[in-house]
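Fold and geometry: a report
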Amino acid sequence: MNLEQLHEQWRQLDAKIDRALELDLEILRAANVPPIRQRIHRWAFWPSLDILFAAFVLVFFGNFAFNHVHELAMLLPAMLVMGAGILLILTSVLQLKTVFGIDWDGPIFQMQSEMEKLHIAKIRQFKWVILCAPLVGFCALLVVLQSILDYLPQKISILDKIDSTWLLANAIFGVLFVPVAYGIALFMARNFGHRTWWQRTLDDISGRTIHAARRDLRRWREVGDLSATPGD
């Protein structure tokens, strides 16, 4: 057997090994992708629910704003809540776009990248919901109370029935809560970002479904050693 024949046999052996590895990867894909995809599509129920809730908020508070368009003191709280509802819809739609834009037949590292986008987007949305909750919640309370009073025969303003000091204190608290709580969250992220309990908290915030999918994809990639073959 000369050297050329030896090289030919070696190339044939390499080709057989490559075909065997490709088959193994396809088996891994067939076994792992469907449950991950189903899990993520089920998770899409929650941003869809957020959109429905925000749409109801826009209709309710939009109608209130239309009926009180000449009352600036009640119009502003309604507009602020509506603005929060619009932002909730936008962030939820972007999450759904990411979910249904995942190429489940593509490379694993791209799936991981999309999953990380979902993870970050959900945490960011949760953060701003918490930061704005005191101010938006207070404004929503005023509007809901005024809406109830609007059904009475006589015209009554909720602002006339509530102590002005209490109103001012709640408004100031809601406004100041945003930068103060944001600073605390930033401090926690910088000082405890690499701690296990902090990462576990973020995973819980983003949702156990996303956390499980990220874990499965990471495990799959490690088993298949796909990080070395990004062109898969």
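Residues numbered from 1 in each chain as written. Predicted model: local features only at pLDDT ≥ 70, side-chain atom pairs only at ≥ 80, totals over all residues. Heavy atoms only, no water.

Observations concerning the overall build of the chain
Within the chain, the regular secondary structure consists of eight helices and zero strands. Listed N to C, the secondary structure of the chain is α-α-α-α-α-α-α-α in terms of helices and strands. Burial analysis of the chain (232 residues in total) assigns 33% to the buried set. Long-range contacts, defined as pairs at least 24 residues apart, comprise 76% of the intrachain contacts of the chain with a sequence gap of at least 6. Accessible surface for the chain amounts to roughly 15,100 Å². Of this, 66% is attributable to carbon and sulfur atoms. (Helix = DSSP H or I, 4+ residues; strand = E, 2+ residues; numbered from the N terminus. Buried < 20%, exposed > 50% of the residue type's maximum accessible area, 1.4 Å probe, protein only. Contact = heavy atoms within 4.5 Å. Areas by Shrake-Rupley, 256 points an atom, 1.4 Å probe, with all protein chains shown as cover.)

Observations concerning the environment of Met115
Note on placement: Met115 falls in helix α4 (residues 108-149). When its relative accessible area of 0% is taken as the criterion, Met115 is described as buried. Note: C-alpha distance between Met115 and Arg214 (99 residues apart in sequence) is 6.4 Å.

A closer look at a nonpolar patch on the surface
There is a patch of nonpolar side chains on the surface, built from Phe56, Phe60, Leu141, Val144, Leu145, Ile148 and Trp166 and spanning about 630 Å² of accessible area. Secondary-structure elements contributing two or more residues to the nonpolar patch are α2 (45-67) and α4. Here the element with the most residues in the nonpolar patch is α4; it accounts for four residues. With respect to the element layout, Phe60 can be found in helix α2. (Patch = residues over 30% accessible without salt bridge, like charges linked within 9 Å, V, L, I, M, F, W, Y side chains within 5 Å. Salt bridge = Lys/Arg side-chain N within 4 Å of Asp/Glu carboxyl O.)

Things to note about the confidence of the model for the chain
In low-pLDDT regions, the fine details of the predicted coordinates are not to be read closely. Overall, the predicted model of the chain reaches an average pLDDT of 81, with 78% of residues at or above 70. For the chain, the element scoring lowest by mean pLDDT is helix α1 (residues 3-43), at 63; α2 scores highest, at 95. (pLDDT = per-residue confidence, 0-100.)

What to know about the environment of Ala213
Mapped onto the elements of the fold, Ala213 is located in helix α8 (residues 208-224). When the C-alpha atoms of Ala213 and Val33 are compared, they prove to be 9.8 Å apart, with 180 residues separating the residues in sequence. Each residue touching Ala213, except ones within four places of it in the same chain, is listed here: Ile36, Arg39, Ile40 and Met115.

Things to note about the nonpolar core
If you look at the biggest cluster of nonpolar residues, it comprises 21 residues, and the most contacted ones within it are Phe61, Ala78, Val81 and Leu142. Those elements that place two or more of their residues in this core are α2, α3 (72-100) and α4. Per-element accounting of this core gives the leading share, eight residues, to α4. Once residues within four sequence positions are removed from consideration, Ala78 is found in contact with Phe61, Phe64, Ala65 and Val143. (Core = buried A, V, L, I, M, F, W, Y, C linked by side-chain atoms within 4.5 Å.)

Considerations on the packing of aromatic side chains
According to the stated counting rule, one finds six aromatic pairs in the structure shown. Pairing Phe60 with Phe61 gives two aromatic rings, centres 5.2 Å apart and planes at 75 degrees, and the pair type is edge-to-face. Judged by its relative accessible area of 6%, Phe61 falls in the buried class. Ring plane angle 45 degrees and centroid distance 5.8 Å describe the contact between Phe173 and Phe177, whose orientation is recorded as tilted. Linking Phe173 with Phe177, this pair stays in helix α6 (residues 164-192), spanning four residues, or about one helical turn. With a relative accessible area of 48%, Phe173 lands in the partly exposed category. (Phe/Tyr/Trp six-rings, centres within 6.5 Å; stacked < 30°, edge-to-face > 60°.)

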